Amino acid sequence: GAVVSQHPSWVICKSGTSVKIECRSLDFQATTMFWYRQFPKQSLMLMATSNEGSKATYEQGVEKDKFLINHASLTLSTLTVTSAHPEDSSFYICSARSEGKRLAEAFFGQGTRLTVV
Amino acid sequence: GNSVTQMEGPVTLSEEAFLTINCTYTATGYPSLFWYVQYPGEGLQLLLKATKADDKGSNKGFEATYRKETTSFHLEKGSVQVSDSAVYFCALSRSNDYKLSFGAGTTVTVRA
């Protein structure tokens, strides 16, 4: 299968600072990338969908000014958590897919554990 | 809205035991159904999928059948191995855009 790399795998930051998480498709061009968030012992919740070169589409209840998503190229999407607070501590996972038939499924990164102190 | 409910874990089994993880869903129309697996330290991987009623997805000895009458997609494996220890997620998407709604995940530990 195709490889999606997420960086960093974990990060600790101070309250009020911003944190950027990268999601890269290493061996295919990702026309669409998805960002999910997982709270302990809960489901992965879709936060937003991003298509290369256009603005992200956010799910209901997700603050777009707090979770900035940039899908600047076909291999890179970034999620920036702005002015982070302890309640933003969570596990963030990206997935990527291509419109091409061979890669119709979505491939997931390893996830990023964010802890805000 | 769409939702997925799966059996809570953790589940601990001995090698060669039979594994079942229940999954039921709520959705309008005809969603596609998936099982994803996350091995320790790795990202989620698609294990199997079914896109219409009565379809059976299978992979690596795992099977799941899309049952529309019971809105279920239970995962089964007849004889598990230690290497099957992982977290298993049931998921659905309303269309083929892969915007997924996930269950909470079930942690499975297989002991030798």
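Residues numbered from 1 in each chain as written. Chains lettered and ligands numbered in written order. Predicted model: local features only at pLDDT ≥ 70, side-chain atom pairs only at ≥ 80, totals over all residues. Heavy atoms only, no water.

**Some thoughts on the sheet that holds strand 1 (residues 4-7) of chain A**
All names here are of chain A. Ordered in space as 1-3-8-7, the 4 strands form an open sheet in which the pairing is antiparallel. Each end of this open sheet is capped by a strand with a single partner; those strands are strand 1 and strand 7 (67-73). Strand-to-strand twist of the sheet, defined as the mean angle between neighbouring strand axes without regard to direction, takes the value 15°. Two elements, strand 1 and strand 3 (residues 19-25), share 4 bridges in a ladder whose sense is antiparallel. (Pairing = 2+ DSSP bridges. Helix = DSSP H or I, 4+ residues; strand = E, 2+ residues; numbered from the N terminus. Axes fitted to C-alpha atoms, helices over the stretch in contact; angles between N-to-C directions.)

**Side note on the state of the cysteines**
Applying the stated criterion across every chain yields a total of 2 disulfides over all chains. Disulfide partner of Cys 23 of chain A: Cys 94 of chain A, at an S-S distance of 2.0 Å. Because the torsion about its S-S bond is 80°, the bridge between Cys 23 of chain A and Cys 94 of chain A counts as right-handed. Placement of Cys 23 of chain A in strand 3 and of Cys 94 of chain A in strand 9 (residues 90-97) is noted, with a sequence separation of 71 residues between them. Residue Cys 23 of chain A shares its accessibility class with Cys 94 of chain A, and that shared class is buried. A sulfur-sulfur separation of 1.9 Å characterises the disulfide bridge that pairs Cys 23 of chain B with Cys 90 of chain B. Of note, the bridge from Cys 23 of chain B to Cys 90 of chain B carries an S-S torsion of about -70° and is left-handed in sense. Here Cys 90 of chain B lies in strand 10 (residues 86-93) and Cys 23 of chain B lies in strand 4 (residues 23-26), a separation of 67 residues in the sequence. (Disulfide = S-S within 2.5 Å. Buried < 20%, exposed > 50% of the residue type's maximum accessible area, 1.4 Å probe, protein only.)

**Focus: a nonpolar patch on the surface**
Together, Trp 10, Ile 12 and Val 117 of chain A give the surface a local cluster of nonpolar side chains, amounting to about 370 Å² of exposed area. Summarising the element assignment, Ile 12 of chain A is placed in strand 2 (residues 10-13). (Patch = residues over 30% accessible without salt bridge, like charges linked within 9 Å, V, L, I, M, F, W, Y side chains within 5 Å. Areas by Shrake-Rupley, 256 points an atom, 1.4 Å probe, with all protein chains shown as cover. Salt bridge = Lys/Arg side-chain N within 4 Å of Asp/Glu carboxyl O.)

**Section: the pattern of salt bridges**
All names here are of chain B. One pass over the full model with this rule turns up 6 salt bridges over all chains. As a salt-bridge pair, Asp 84 and Lys 77 come within 2.8 Å of each other at their nearest N and O atoms. No difference in accessibility class separates Asp 84 from Lys 77, as the two residues are buried.

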